[in-house]
Structure formats: C-alpha cells, structure tokens
Amino acid sequence: MRYYDNVVELVGNTPLVRLRNVTSGISAKVLAKVEYLNPGGSVKDRIALRMVQEAERSGLLQPGGTIVEPTSGNTGVGLALVAQLRGYRCVFVCPDKVSEDKQNVLRAYGAEVVVCPTAVAPEDPRSYYNVSDRLAREIPGAWKPDQYANPANPRSHYETTGPEVWEQTDGRVTHFVAGVGTGGTISGVGHYLKEVSGGAVQIIGADPEGSVYSGGTGRPYLVEGVGEDFWPTTYDKTICDQIVEISDKESFELTRRLAREEGLLVGGSCGMAVAAALKVAREASADAVVVVLLPDGGRGYLSKIFNDDWMARYGFLRTAEETPTVADVL
Ligand code: PMP
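These numbers were taken from a predicted model, which means no experiment stands behind them. Position numbers for residues start from 1 in each chain and track the written sequence from start to end. Per-residue local features of the predicted model are confined to residues with pLDDT of at least 70, and side-chain atom pairs are confined, for both listing and counting, to 80 or more; whole-chain, interface and lining totals are unaffected and use all residues.

Draft legend 1. Just the overall build of the chain, in detail. Scanning the chain from terminus to terminus reveals 10 helices and 10 strands. Here the chain has a C-alpha radius of gyration of 20 Å; the compact-globule value for 330 residues is 20 Å, and the two agree. C-alpha atoms of the chain, sized along the principal axes, occupy 60 × 50 × 50 Å. Looking at the 330 residues of the chain, the share that counts as buried comes to 48%. We call two residues in contact when their backbone-placed C-beta atoms lie within 7 Å. A fraction of 67% describes how many contacts in the chain between residues 6 or more apart in sequence connect residues 24 or more apart. Helix and strand assignments follow DSSP, with helices taken as H or I runs no shorter than four residues and strands as E runs no shorter than two, numbered in order from the N terminus. Only the C-alpha atoms count toward the radius of gyration. The rule for a globule is 2.2 Å times the residue count to the power 0.38. In this scheme the burial state of a residue depends on its C-beta neighbours within 10 Å: 20 or more other such atoms mean buried, 12 or fewer mean exposed, and anything in between means partly exposed; the C-beta positions come from the backbone.

Printed below as a string of structure tokens:
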C-alpha cells in the first residue's frame, strides 16, 4: 500500500511546470514552481512546519501549548494544519478588514480567530499587533512564531525549496524569481542557489510599486502578501541581484492570463512574480532557465482579481459595459 501517514507529510516537493503561452516570443525556458499544491494551498506550509519544529526543539512550544500569531491568511492555514496534527491550540488575530471567508477558512481547520478594529493606530491597545502580543503574554504556554523575525522562515526555504529547484532543473537554473513579503522565500532559496552554483544563479525579487524593497515608502497597493512598509529581519538585503517593480495592473492582468492560458488559477502575487520573470526572460539568452515561484492558489481572490466589476472599479479592466458579452453578440 502506498499512502502518507498524515497530511503534513505532503508539504513541499512541489512540481515545476513550464509556462507555454504567456511566454510567446520568449526563447528562454520559464518554469513555474506551483506552491498551491501544498496541502494547505500555499508556500507558507513550509515555514509553518519548520517554525513549529524549531520551537519544539528549543522548548518554546510545549505539549498542549497554544500558537498565537497575527495572520489572516496562508501562514495561519499552515500553522493550523501542523498544530492540529501535534495537538496545539491556535489563536489567530486579524484586522476586521479581512474577509469573513478568510476567517472561516481558519475556523474550519479548528483555529480560534480574534477580530480587531482596522481603524486604530498600531500603538492602540485594540490594534491587532497589541492584541496578539497581549494574548501571547497572557495565555499559559503560548508561543508566537513571528514569521517576520523567525530565522526558521528563511531556513525552511534554504533546506527545502532551494534544493528542490536545483535538483528539478538538474542544476541548470540560471535565474530565480519570487515576490518579497517577509523575504523568507527569496532569502532562503537565494542563499542556497548562490552557494550551490558558486554565485552563478541570478536572484530576482519582484515587488509591488510603492513597497520599500523597490525604494518606496509602503504606499498602498492592492496585491496581497508581498511588499512591505518596513524591513523585516527575515529579508536579507544583500541577496537580490535585481528587484523588479510591478504595478497592480500588470500583476492582476497576468494573474488572469495564468488562469486562462496556462490553466493555473493562482493568486495576485503569482501574477506579479510572473510579470517580473517575463521581463527577466525577455532579456536572457535562449538557453536560460528562469524559475518563478507561485505562492498560492486563486480561490481566495474570486471576488477581487477574478471579478470583472472589482477590476473595472480600480481601472484594471475595461468597464463591464465596454466588454462585449455573449448577449451583445447574439
Ligand atoms: N505571496 C503570498 C500570497 C504570500 O502570502 C506571501 C507571504 N507573505 C508571499 C507571496 C511572499 O513570500 P515571503 O514572505 O516568503 O517573502
């Protein structure tokens, strides 16, 4: 019989898939690492597993303990999966702007969700930063992973994602492209690939227009999970050979094309990373192998990126009236 003992054993070892259509006119090979095939649906399963293992090893997390983290998305799902298997309680703190669907996903995995007001300053005791700090102090046996400062975040990518990319390409990868949020992915994979290739692999960060990584101040942008208004310690500022800045419009247009033309229903940060990868691949030689990491799936964005009205409202699409429908043609 061939089976996995539990769902956490399915974390990692995601496939590379060649992008065949959005790459027209480009000679270099562009390979996507499809992280939504992780059991929790995103790349964050990898860091959740590694952060919990490390906390168990160091004694910060004891049997029966509680994981407290300010997160509303992918990291929460990863932590909830691992926590369930190992018998920990999970309390996630999120601002009230987070959609009910996202909160319900976390509850579905058995986590408790504490919702805080968005419209208060970070130093306000009701802010989600302060509430999560207080819960981590007051709940006995609580441990806060803190993905923005936890070295196990980049380490998980150094130990798993990086070696996978190298082995899957038989060491022929020439460029690695990923969006930067906590910076864990690009820093961990980047260090591994630089080391194993003797510095030959080019590391390219993709960043939303306005974020600090591409020289901005954190001006609001709509793409989720990437870009920051501060410098997290999980990001190694020396790792990127190049940072490519991508607008929301480009990110979302490519996200939609990945679903329509490549059969990959993925999130907005994937469109952003692919937009950057295509720019890199266009300039690269024909024998270049560009690997781009796609962090999550598109189901969580159906009412935004994949909704024509939402796209039109922000000027990312022609308005619904201008777009011919079947009814107009008949
Ligand atoms: N895309 C999405 C959807 C994410 O949730 C994240 C994590 N914040 C990233 C990209 C960026 O990954 P990292 O935090 O490793 O830089």
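Draft legend 2. Representation of the site of the ligand in the model. In this entry, near means the residue's backbone-placed C-beta atom lies within 6 Å of the molecule or strand. Contacts to the ligand come from 16 residues, most closely from Gly181, Thr182, Thr185, Gly225 and Ser269. Residues were grouped as follows: Ala, Val, Leu, Ile, Met, Phe, Trp, Tyr, Cys and Pro as nonpolar; Asp, Glu, Lys and Arg as charged; and all remaining residues, including Gly, as polar. Taken together, the residues of the shell around the ligand break down into 3 nonpolar, 11 polar and 2 charged.

Draft legend 3. Fine view of helix α2 (residues 74–86). For a helix, the expected span equals 1.5 Å multiplied by the residue count minus one. Relative to the 18 Å expected for 13 residues at 1.5 Å per residue, α2 spans 19 Å between its end C-alpha atoms, a close match to the ideal helical length. Among the 13 residues of α2, 10 are classified as buried, and the element is accordingly described as predominantly covered. Among all positions in α2, only Asn74, Thr75, Gly76, Val77, Gly78, Leu79, Ala80, Leu81, Val82 and Ala83 are buried. Contacts made by the buried residues of α2 are with α1 (44–58), β3 (66–70), β4 (89–95) and α3 (100–108). Directly beyond the C-terminal end of α2, a positive phi value near 80° is found at Gly87.

Draft legend 4. Focus on the sheet that holds strand β8 (residues 202–208). The sheet built from 6 strands is open, its strands ordered β1-β2-β10-β7-β8-β9 with mixed pairing. Here the strands that pair on one side only, and so sit at the sheet edges, are β1 (16–18) and β9 (242–246). Pairs of neighbouring strands in the sheet enclose a mean axial angle of 25°, with direction left out of account. In the sheet, strand β2 (residues 29–34) pairs with strand β10 (residues 289–294) via 6 bridges, with the strands oriented parallel. Within the sheet, the bridge partner assigned to Lys29 lies in β10 and is Val289. Where helices are involved, their axes are fitted lines through C-alpha atoms of the stretch in contact, as for all axes, and angles between N-to-C directions lie from 0 to 180°. Running over the sheet, helix α6 (residues 184–196) touches β7 (175–179), β8 and β10 and is turned about 170° from β7. Two strands are said to pair when DSSP picks up at least two bridges between them.

Draft legend 5. Summary view of the environment of Leu278. Of note, Leu278 is situated in helix α8 (residues 268–283). The spatial distance from the C-alpha of Leu278 to the C-alpha of Pro95 is 35 Å, given a sequence separation of 183 residues. In contact with Leu278, not counting residues within four places along its chain, are Val22, Thr23 and Ile26.

Draft legend 6. Representation of the packing of α1 against α2 in the model. It is at 8 Å that the axes of α1 and α2 come closest, and there the two elements cross at 45°. Taken together, α1 and α2 sit at an angle that is classed as oblique. The chirality of how α1 crosses α2 is right-handed. Each of Lys44, Asp45, Ile47, Ala48, Leu49 and Val52 in α1 lies in contact with α2, whose residues at this interface are Asn74, Thr75, Gly78, Leu79, Leu81, Val82 and Arg86. What sets the label is the angle itself: under 35 degrees gives roughly parallel, over 145 gives roughly antiparallel, 65 to 115 gives roughly perpendicular, and the rest give oblique. Put simply, a crossing is left-handed when the front helix is turned counterclockwise from the back one by less than a right angle, and right-handed when it is turned clockwise.

Draft legend 7. Molecular detail of the packing of helix α5 (residues 152–168) against α6. Between α5 and α6, the shortest axis-to-axis distance is 7 Å and the interhelical angle comes to 50°. The orientation of α5 relative to α6 falls into the category oblique. Of the two possible hands of crossing, α5 and α6 adopt the one that is right-handed. Here Asn153, Pro154, Arg155, Ser156, His157, Tyr158, Thr161, Gly162, Pro163, Val165 and Trp166 of α5 lie close against α6, whose contacting residues are Gly184, Thr185, Ser187, Gly188, Val189, His191, Tyr192, Leu193 and Val196. Residue composition of the contact of α5 with α6, grouped by class: 9 nonpolar, 10 polar and 1 charged.

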